[in-house]
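Observations on chain architecture
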Amino acid sequence: SKSSCIMERKIIYLVYRTDPWHSLNSRELVYIGEDMEVIIAQLKAYRGMTEDDANEIRSILQTQCNNRDYEWEFEAQQINAFAG
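The following paragraphs examine the structure supplied in this document. (Residues numbered from 1 in each chain as written. Predicted model: local features only at pLDDT ≥ 70, side-chain atom pairs only at ≥ 80, totals over all residues. Heavy atoms only, no water.)

Here the focus is the pattern of salt bridges. Throughout the structure, instances matching the rule amount to eight salt bridges. Here E34 and K10 are joined by a salt bridge, their closest N and O atoms 2.7 Å apart. Here E34, found in the loop between β2 (28–33) and α1 (36–47), pairs with K10, found in the segment before β1 (11–18); they are 24 residues apart in sequence, far enough to count as distant. Relative accessible area serves as the criterion here: at 35%, K10 is assigned to the partly exposed category. R58 is paired through a salt bridge with E51; the nearest N and O atoms lie 3.1 Å apart. For R58, a relative accessible area of 34% translates into the label partly exposed. Put simply, E37, K44, E51 and R58 are held in one network by salt bridges that share partners. (Salt bridge = Lys/Arg side-chain N within 4 Å of Asp/Glu carboxyl O. Helix = DSSP H or I, 4+ residues; strand = E, 2+ residues; numbered from the N terminus. Buried < 20%, exposed > 50% of the residue type's maximum accessible area, 1.4 Å probe, protein only.)

Take a look at the structure:
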(Lines give C-alpha, C1' and ligand atoms only; values in the text may rest on other atoms or scores of the structure.)
Protein backbone atom coordinates (compact mmCIF):
# COMPACT_ATOMS: atom_id res chain seq x y z
CA SER A 1 0.00 0.00 0.00
CA LYS A 2 1.05 3.60 -0.53
CA SER A 3 0.96 4.42 3.17
CA SER A 4 3.92 2.12 3.85
CA CYS A 5 6.09 4.43 1.74
CA ILE A 6 5.28 7.58 3.69
CA MET A 7 7.91 8.45 6.28
CA GLU A 8 6.77 9.41 9.73
CA ARG A 9 6.75 13.17 10.19
CA LYS A 10 8.60 13.54 13.45
CA ILE A 11 8.64 16.85 15.34
CA ILE A 12 11.82 18.19 16.88
CA TYR A 13 12.36 21.39 18.81
CA LEU A 14 15.11 23.91 18.16
CA VAL A 15 15.73 25.92 21.32
CA TYR A 16 17.13 29.42 21.10
CA ARG A 17 18.29 31.93 23.66
CA THR A 18 17.41 35.39 22.30
CA ASP A 19 17.44 39.02 23.34
CA PRO A 20 14.31 40.32 25.15
CA TRP A 21 12.70 41.22 21.79
CA HIS A 22 13.26 37.79 20.20
CA SER A 23 15.26 39.42 17.39
CA LEU A 24 16.24 36.91 14.72
CA ASN A 25 19.85 38.10 14.68
CA SER A 26 20.13 37.50 18.44
CA ARG A 27 19.13 33.82 18.25
CA GLU A 28 21.68 31.46 19.78
CA LEU A 29 20.85 27.79 19.19
CA VAL A 30 21.36 26.07 22.53
CA TYR A 31 19.53 22.73 22.27
CA ILE A 32 17.85 20.40 19.78
CA GLY A 33 15.52 17.69 21.06
CA GLU A 34 12.39 15.64 20.53
CA ASP A 35 10.62 15.80 23.90
CA MET A 36 9.63 19.20 25.24
CA GLU A 37 9.60 18.07 28.88
CA VAL A 38 13.08 16.54 28.62
CA ILE A 39 14.37 19.75 27.04
CA ILE A 40 12.77 21.87 29.77
CA ALA A 41 14.33 19.66 32.45
CA GLN A 42 17.76 20.08 30.85
CA LEU A 43 17.36 23.85 30.61
CA LYS A 44 16.27 24.03 34.25
CA ALA A 45 19.25 21.93 35.35
CA TYR A 46 21.96 23.60 33.28
CA ARG A 47 20.75 26.94 31.92
CA GLY A 48 18.71 28.50 34.72
CA MET A 49 15.23 28.12 33.25
CA THR A 50 12.51 28.74 35.85
CA GLU A 51 9.15 27.02 36.28
CA ASP A 52 7.47 30.24 35.08
CA ASP A 53 9.62 30.08 31.94
CA ALA A 54 8.65 26.43 31.47
CA ASN A 55 4.95 27.21 31.70
CA GLU A 56 5.28 29.97 29.09
CA ILE A 57 7.16 27.58 26.78
CA ARG A 58 4.43 24.95 27.17
CA SER A 59 1.71 27.44 26.23
CA ILE A 60 3.27 29.78 23.63
CA LEU A 61 6.74 28.32 22.86
CA GLN A 62 8.55 31.38 24.18
CA THR A 63 9.15 33.39 27.32
CA GLN A 64 8.25 37.06 27.57
CA CYS A 65 8.83 40.11 29.78
CA ASN A 66 11.02 38.53 32.45
CA ASN A 67 13.11 41.62 33.29
CA ARG A 68 16.42 40.09 32.21
CA ASP A 69 18.69 40.43 29.19
CA TYR A 70 17.53 37.25 27.43
CA GLU A 71 14.49 35.10 26.65
CA TRP A 72 13.86 31.52 25.49
CA GLU A 73 12.20 30.50 22.24
CA PHE A 74 11.28 27.00 21.02
CA GLU A 75 10.75 26.36 17.33
CA ALA A 76 8.92 23.17 16.30
CA GLN A 77 10.23 21.59 13.09
CA GLN A 78 9.24 18.49 11.17
CA ILE A 79 12.04 16.16 10.13
CA ASN A 80 11.88 14.08 6.96
CA ALA A 81 9.97 16.97 5.35
CA PHE A 82 10.76 19.71 2.87
CA ALA A 83 11.09 23.20 4.35
CA GLY A 84 8.19 25.36 3.33
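Moving on to unusual backbone geometry. Even without being glycine, L61 reaches a positive phi, approximately 65°. In this fold, L61 is placed in the loop between α2 (51–60) and β3 (71–78). Here C65, not a glycine, exhibits a phi torsion of approximately 55°, which is positive. Within the fold, C65 resides in the loop between α2 and β3. Given the relative accessible area of 71%, C65 is considered exposed.

Attention now goes to the side chain of E71. In this structure, E71 sits in strand β3. Reaching out from E71, the side chain makes a polar contact with the side chain of N66 at a distance of 3.1 Å. (Polar contact = N/O pair within 3.5 Å; in protein donor to acceptor, adjacent residues only side chain to side chain.)

This paragraph deals with the packing of α1 against α2. Contact geometry of α1 with α2 gives a least axis separation of 11 Å together with a crossing angle of 155°. For the element pair α1 / α2, the angle class is roughly antiparallel. Along this stretch, α1 crosses α2, giving a crossing that reads as right-handed. When α1 is examined against α2, the residues M36, E37, I40 and K44 are found in contact with a partner set consisting of E51, A54, I57 and R58. The residue makeup of the contact of α1 with α2, split by class, is four nonpolar, no polar and four charged. (Axes fitted to C-alpha atoms, helices over the stretch in contact; angles between N-to-C directions. Parallel < 35°, antiparallel > 145°, perpendicular 65-115°, else oblique. Left-handed = near helix turned anticlockwise from the far one by under 90°. Contact = heavy atoms within 4.5 Å. Nonpolar A, V, L, I, M, F, W, Y, C, P; charged D, E, K, R; others polar.)

Bringing α1 into the picture now. If you check which residues of α1 are buried, you get M36, I39, I40 and L43. Relative to the axis of α1, the buried residues are bounded by an arc of 100° and lie together on one face. Across α1 from its buried face, at more than 90 degrees, point the exposed residues A45 and Y46. Taken together, the buried residues of α1 touch β1, β2, α2 and β3. Between a side-chain oxygen at the N-terminus of α1 and the backbone nitrogen of E37 the separation is 2.9 Å; the capping residue is D35. Just downstream of α1 lies G48, where phi reads positive at about 75°. (Arc of directions from axis to C-beta.)

Read these as geometric descriptors, not functional statements.
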